[in-house]
Amino acid sequence: MAETVLSFVLDQLSTFLREEGRLLGGLRQEVQFIRDELGHMRAFLREAEAKEEDAQPRLQEWIKQVREAAYDTEDILDEFVARFARHRTTGFYGSFRRIFSSIKNLRARHRVASQIQSIKFRINSISEGHQRYQSEYGISAQASSSLSAVNNTTWRYSRDDALLVEEAKLVGIDQPKKHLISQLLQGDDYQLKVVSVVGMGGLGKTTLVKKVHEDLEVRRHFPVRAWVTVSETCDFQYLLIDLIRQLHEEGKKPVPQSIESMTTTELKKIVKDFLQQAGRYAIVFDDVWDVEFWNTIKFALPESSHGNRVMLTTRRADVASASCIESRRFVYRMEPLSIEDSWTLFCNKIFNGGTCPGHLMDVAKGILDKCEGLPLAILAISGLLASKDVNRIEEWEMVRCSLGVELEGTGKLDRVKKILFLSYSDLPWHLKICLLYTSIYPEDYKIGCLRLVNLWIAERFVEWREGMNIEDVAWSYLSELVNRSLIQVTGVFYEGMPGNCRIHDLLREIIISKSREQNMVTITTGQPTRWPSEKVRRLIVHTSSSNNTQHHEQTQNYCFDHLRSFVTIGSTSPLLSRMLLSEVSRGSKLLKVLDLRGQKTQKEIPNEIFKMFHLKHLDLYGTGVERVPKGIGKLQHLEYLNLGNTGVGELPIEILKLQKLRVLKVYQRVDPSDDDYGRHGFKALFNMGGLLSLEILSCMDASSGCITVKEIGKLTQLRELAITKLRRDDGKELCSSLANLTNLHKLSVYSIGKGDDHEIIDLNHHNPYLSSSSCSFLQSLRMLILCGRLEKMPQWVAHLHSLVRIDLDWSRLRGEEDPLESLQHLPNLGEINFCGSYQGEGLYFKAGGFLKLKELHLKRMEGLRWMRVEEGALPRLQKLFLQQLPLLEELPVGIQHLSQLQELTLYEMSSQLREELLENQKEESEDYTRIAHIPEILIGYYTDDRKWREHQLWEKKKKKT
């Protein structure tokens, strides 16, 4: 939407005037005028776009003009900076060059002035249209409230339809319904209990809660009941009036006079007084969008001693949690329908409960896969298919291939689009643009969260916030989109930090539609296609199965003058990526993002890249690059450089010129097939401490000695540090440097060697009991990785109160140096990974220890014979992973005490333990009773002929429960 683009560009213009305004001279006032005029149009745009789908083509064209004028303004100013801020040299040569450049640049400055005047003229013309359309369409700032009221009324009618779903159409609702009813009826009668149902739009939250609310047992238990639809743009006063009427009608009492003229305070008092006298009540607030709503309405809801209940439905996890904080908490996360229930609902709608004809089976399953268990989508698409001829498979194929087009239309899927689109329209502009950016990924792509947030930062979608690191702000954006049920987390790294994520297929179709509408990204696979007539600003290259050599015809006449980003997703055609990169390198002066991740055929960095003055983000992770040219020093605005898993082992001294560099990653795995053996890094440069903006440094080779280790202490902004080939003698200097790094969140230290040959890591040079800096030493550290031999655990580890995860690899601690002693009382420790860490015979988990630990991974500890868990130890453990522990011949003693354990994985364990578990699955066996509470137990092993086998211990039991 243009309003999103405009907000983004306005933010960039403000930054430009603040940081580069002095270069403009007399043009500064012109640029300020353009910014101010665009700012005046923003409020109007917000309302105009709400009517855009029903608007005349002229208004739609005007919206497009605003968007393009905003983009063009940014282009002109970036070109201006690239030309006039490039040469800031000193000395005799610098003076001569400045004189020569000033003569040469007179014409260029005149040209820029002419371009700015042209933009100003366009803005004036667009502004006149702004005034004209305000009166023609009746859109103004004052009209916004009435427009919201109309939208709200329409949405109320739309939600009311959801409450009229026939019982016969409901599938998969029985179990959730029973669960929620039990939550309403159970418990004491002395406290208000709030039950929140949360999930993305279209899951059937309203339908489920309505069935619970209307249940006969619930009606008998709660004599006073009310249902209030809140919605995105609720009128709180109207809502209270509606609630008062419902309560009085339910209680067969007259509605108080003149409630329409009362204040909200007076109305809340009427509600509270009524409920205090009425006895036990159950009230539903459907479709709550804002935490503030709950913070306001809760004062009208008395606690009393009658066992009162409130139910909420919401798309936002923060609303669900906030409503339960002050009451007895229960949050029910609504999940999509299972494959079986989805198929039943699908067939019930189309075939009246019959079976799907065999010739339609494959295409039907393909369509159903798109719905991903979303009941609203299944019903809508089923309704569309019900009108098709079941004998003509091509009609069904057409629907499968054109779901995106159907969502853009006004047919049977319009309701699906409106419900999903509401979540998007509720976002602030910075989250809208971040969500739209996910359209760069192909369908069903496993989106890496770290890469995504770094791209958001590089694209300048992330706003600086006082007192916050830019990366933390970006992660908060991702968390908010997850919280709003717009992004689904599919994998977790540590501390609950998302590792991978995805977008629901139908929501993705809407995002792609909006992204295309704004000309936000241009996607190519190299297949013959029609390039857009508008300027390409972000070019995304997807995986292509074709190695067609005709790609050149598509790129040779195409202009990349306005290109800001070039990103490859997946392993693309080498010929295509080379051709496109060649075109981009020659013609893209404004490029800010270059991401060639995973392009193994990319063997070198083209020299043209070093002419890209604005380049901020260069990601070459997993490419075939082996050398970094000296030209890297010309990229004065570079903030992010990723050379992870490349062949690069050295960096040129010119890298020290990059004073804006925040992220520097250069490393390779010691063993490409096994991450347990650590990493190689890049040869440390003298004066590395001069890169004062560095926040992430991985992975620096410290083998050159204490001088380079000392330099680390100067990098006081570091949040992540990984060093490799640390010598034993340099441990003291490293501890001294670490004392300066008060912002460090992640520390990885690898010694010289591999496996048993690792040199000793000696970090016992900071005594927390004697040092004056003991209160601050690494107190921000959340993750610690030590890869190498340890004679004893560093004393300071036991005082890392923020530590969430620790990995000890090849520590080979002797039996008397039990690592559990140092770790058991860390208050936030949630994950432990031990690989070859301990040579003792047993591990003893004492009562009261590891109170927050959720994951425990033990691997390659050849001497371990027993494990014991006391009752009261590991009370929150959810995952226990045991691998290659050849002498461990029985399950941990006390495993039955791990009541929260969800997964037990046993890989490559002793044959005796494996056989006992596989043979003793009878309910009366001792082993069975000790582990019967664990839902998932997986046994993996190699057969005699080295074939891998995995066995789910009681798959039948899981299905039964």
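Residues numbered from 1 in each chain as written. Predicted model: local features only at pLDDT ≥ 70, side-chain atom pairs only at ≥ 80, totals over all residues. Heavy atoms only, no water.

- With an unreviewed UniProt entry as reference, the protein is termed Disease resistance protein RPM1-like, source organism Coffea arabica.
- You can read under Sequence similarities (unreviewed entry) in the UniProt record for the protein the words "Belongs to the disease resistance NB-LRR family." (UniProt positions renumbered as here; feature names shortened; annotations may be inferred.)

**Quick look at the overall build of the protein**
And then number 1: Helix and strand counts for the protein come out as 30 helices and 30 strands.
And then number 2: When each of the 961 residues of the protein is scored for burial, the buried share is 55%.
And then number 3: Long-range contacts, defined as pairs at least 24 residues apart, comprise 67% of the intrachain contacts of the protein with a sequence gap of at least 6.
And then number 4: Surface summary for the protein: the accessible area is close to 42900 Å², and the carbon and sulfur share equals 48%. (Helix = DSSP H or I, 4+ residues; strand = E, 2+ residues; numbered from the N terminus. Buried < 20%, exposed > 50% of the residue type's maximum accessible area, 1.4 Å probe, protein only. Contact = heavy atoms within 4.5 Å. Areas by Shrake-Rupley, 256 points an atom, 1.4 Å probe, with all protein chains shown as cover.)

**Overview of the packing of helix α19 (residues 429-437) against helix α21 (residues 470-483)**
And then number 1: Where α19 meets α21, the axes come as close as 10 Å, and the angle between the chain directions of the two elements is 85°. Comparing their axes, α21 and α19 come out roughly perpendicular. Contact residues: α19 offers His430, Leu431, Cys434 and Leu435, while α21 offers Tyr477, Glu480 and Leu481.
And then number 2: When the residues that make up the contact of α19 with α21 are grouped by side-chain class, the tally is five nonpolar, one polar and one charged. (Axes fitted to C-alpha atoms, helices over the stretch in contact; angles between N-to-C directions. Parallel < 35°, antiparallel > 145°, perpendicular 65-115°, else oblique. Nonpolar A, V, L, I, M, F, W, Y, C, P; charged D, E, K, R; others polar.)

**A short note on empty space enclosed by the protein**
To locate leftover empty space, one rolls a probe as large as a water molecule over the atoms.
And then number 1: By the definition in use, this model includes nine cavities of 30 Å³ or more.
And then number 2: Taken as a whole, the largest cavity encloses approximately 100 Å³ of empty space.
And then number 3: As for the largest cavity, its lining consists of 13 residues, of which Glu74, Glu459, Arg460, Arg538 and Arg564 are closest to the centre.
And then number 4: Counting the residues that make up the lining of the largest cavity, at least three belong to each of domain 1 (1-89 + 105-137) and domain 4 (427-518). (1 Å grid on protein atoms, 1.4 Å probe; cavity = no way out; pocket = protein on both sides within 12 Å on 5 of 7 lines; lining within 4 Å. Points joined across faces, edges and corners; volume = space filled by probe spheres on them. Domains from an automatic or database assignment.)

**Thoughts on the pattern of salt bridges**
And then number 1: This model, assessed by the stated rule, comprises 35 salt bridges.
And then number 2: Residues Arg484 and Asp426 are paired through a salt bridge, measuring 2.7 Å at the closest nitrogen-oxygen approach. With Arg484 in the loop between α21 and β7 (488-492) and Asp426 in the loop between α18 (414-425) and α19, this residue pair connects regions lying 58 residues apart in the sequence.
And then number 3: With its nearest N and O atoms 2.9 Å apart, the salt bridge here joins Glu816 to Arg814.
And then number 4: The structure contains a network of salt bridges with shared partners spanning Arg316, Asp318, Asp426, Glu480 and Arg484. (Salt bridge = Lys/Arg side-chain N within 4 Å of Asp/Glu carboxyl O.)

**Things to note about helix α22 (residues 505-517)**
And then number 1: The terminal C-alpha atoms of α22 lie 18 Å apart, and with 13 residues this matches the ideal 18 Å at 1.5 Å per residue to within 8%.
And then number 2: Among the 13 residues in α22, 11 count as buried, and that is most of the element.
And then number 3: Considered for burial, the residues of α22 that qualify are Asp505, Leu506, Leu507, Arg508, Glu509, Ile510, Ile511, Ile512, Ser513, Lys514 and Ser515.
And then number 4: At the C-terminal side of α22, Asn519 shows a positive phi close to 55°. (Expected span 1.5 Å × (residues − 1).)

**A few points about the environment of Gly587**
And then number 1: Note on placement: Gly587 falls in helix α24 (residues 574-587).
And then number 2: Residue class for Gly587 comes out partly exposed when judged on its relative accessible area of 22%.

**What about helix α26 (residues 731-738)?**
And then number 1: Listed in full, the buried residues belonging to α26 are Gly731, Leu734, Cys735, Ser737 and Leu738. Mapping the buried residues of α26 onto a view down its axis gives an arc of 160°, with all of them on the same face. (Arc of directions from axis to C-beta.)

**Comments concerning the pairing of strand β27 (residues 879-883)**
It is a general feature of regular strands that their side chains alternate between the two faces of the sheet.
And then number 1: When you tally the buried positions in β27, you get four out of five residues, the bulk of the element.
And then number 2: Here strand β25 (residues 855-859) runs beside β27; their pairing, made up of five bridges, is parallel. When the sheet's bridge partners are listed, Lys859 is paired in β27 with Gln883.
And then number 3: With five bridges connecting them, β27 and strand β28 (residues 903-907) associate as parallel partners. Counterpart to Lys879 in the pairing with β28 is Glu903. (Pairing = 2+ DSSP bridges.)

**Things to note about the state of the cysteines**
And then number 1: Applying the stated criterion to the full structure yields zero disulfides.
And then number 2: Distance from the sulfur of Cys835, which forms no disulfide, to the nearest cysteine sulfur (Cys787) is 8.2 Å.
And then number 3: Classification of Cys835 by relative accessible area gives buried; the value is 3%. (Disulfide = S-S within 2.5 Å.)

**Examining the confidence of the model for the protein**
And then number 1: Here the protein averages 81 in pLDDT, and 81% of its residues register 70 or above.
And then number 2: Long-range and interchain partners of residues 140-168, a stretch whose pLDDT sits below 50, account for 38 contacts in this model, where long-range means more than four residues apart.
And then number 3: Note on residues 545-556: pLDDT under 50 across the span, and 23 contacts to partners over four residues away in sequence or across chains. (pLDDT = per-residue confidence, 0-100.)

**Points about unusual backbone geometry**
And then number 1: Looking along the chain, the bond that leaves Ser698 and enters Cys699 is cis, with omega of 15°.
And then number 2: A positive phi angle is found at Leu778, which is not glycine, with a value near 55°.
And then number 3: Position of Leu778 among the secondary structure elements: in the loop between β20 (746-751) and β21 (783-787).
And then number 4: Of note in this structure, Arg946 is not a glycine but carries a positive phi near 65°.
And then number 5: Here Arg946 lies in the loop between β29 (936-942) and β30 (948-952).

**As for the packing of aromatic side chains**
And then number 1: Inspection of every chain in the model, using the stated rule, returns 12 aromatic pairs.
And then number 2: Considering the side-chain rings of Phe285 and Phe293, the 5.5 Å spacing of their centres and the 70° angle between planes classify their relative orientation as edge-to-face.
And then number 3: The structure contains a cluster of three or more aromatic residues connected by ring pairs, namely Phe881, Tyr907, Tyr942 and Trp948.
And then number 4: Residue placement shows Arg914 over the ring face of Tyr941; its charged tip is 4.2 Å from the ring centre.
And then number 5: Note that Arg946 overlies the ring of Tyr942, its terminal NZ or CZ placed 4.1 Å from the centroid. (Phe/Tyr/Trp six-rings, centres within 6.5 Å; stacked < 30°, edge-to-face > 60°. Lys NZ or Arg CZ within 6 Å of the ring centre and 35° of its normal.)

**Quick word on the packing of helix α20 (residues 449-458) against α21**
And then number 1: Packing of α20 against α21 brings their axes to within 9 Å, and their N-to-C directions diverge by 115°. Note on packing geometry: the crossing formed by α20 with α21 is right-handed. Facing Cys449, Leu450, Leu452, Val453, Asn454, Trp456 and Ile457 of α20, the residues of α21 in contact are Ile470, Glu471, Ala474, Trp475, Tyr477, Leu478 and Leu481.
And then number 2: Here the contact of α20 with α21 is composed, by residue class, of 12 nonpolar, one polar and one charged. (Left-handed = near helix turned anticlockwise from the far one by under 90°.)

**Some points on the side chain of Asn469**
And then number 1: Assignment of secondary structure puts Asn469 in the loop between α20 and α21.
And then number 2: The exposure class of Asn469 is buried, given its relative accessible area of 14%.
And then number 3: Those residues in contact with Asn469 that lie beyond four places of it in its chain are Glu695 and Arg719.

**Some remarks on the sheet that holds strand β6 (residues 447-448)**
And then number 1: Spatial ordering of the open sheet is given by β6-β8-β7, a layout of three strands whose pairing is antiparallel. Here the strands that pair on one side only, and so sit at the sheet edges, are β6 and β7.
And then number 2: With four bridges connecting them, β7 and strand β8 (residues 498-502) associate as antiparallel partners. If you follow Gln488 over to β8, its bridge partner there is Arg502.

**A short note on a negative patch on the surface**
And then number 1: A cluster of like negative charges, contributed by Glu889, Glu890, Glu915, Glu916 and Glu919, occupies part of the molecular surface.
And then number 2: Within the element layout of this structure, Glu916 appears in helix α28 (residues 911-919).
And then number 3: On the basis of relative accessible area, Glu916 is assigned to the partly exposed category, the value being 30%. (Patch = residues over 30% accessible without salt bridge, like charges linked within 9 Å, V, L, I, M, F, W, Y side chains within 5 Å. Lys, Arg positive; Asp, Glu negative; His and termini not counted. Charge placed at Lys NZ, Arg CZ, Asp CG, Glu CD.)

**Brief notes about the environment of Ala722**
And then number 1: Looking at the element boundaries, Ala722 is found in strand β19 (residues 720-726).
And then number 2: What makes Ala722 buried here is its relative accessible area of 6%.
And then number 3: For the pair Ala722 and Gly681, spaced 41 residues apart in the sequence, the C-alpha separation amounts to 8.6 Å.
And then number 4: Discounting chain neighbours no more than four positions away, the residues touching Ala722 are Leu697, Ser698, Cys699, Met700 and Ser748.

**Here's the deal with the side chain of His542**
And then number 1: As for its position among the elements, His542 is in strand β10 (residues 538-542).
And then number 2: Relative accessible area serves as the criterion here: at 8%, His542 is assigned to the buried category.
And then number 3: From its side chain, His542 meets the backbone oxygen of Ile440 in a polar contact 2.5 Å long. (Polar contact = N/O pair within 3.5 Å; in protein donor to acceptor, adjacent residues only side chain to side chain.)

**A few points about the environment of Arg865**
And then number 1: With respect to the helices and strands, Arg865 occurs in the loop between β25 and β26 (866-869).
And then number 2: As for Arg865 and Gly842, which are separated by 23 residues in sequence, their C-alpha atoms are 5.8 Å apart.
And then number 3: When near neighbours in sequence (up to four residues on either side) are disregarded, Arg865 contacts Glu841, Leu887, Leu888 and Glu889.

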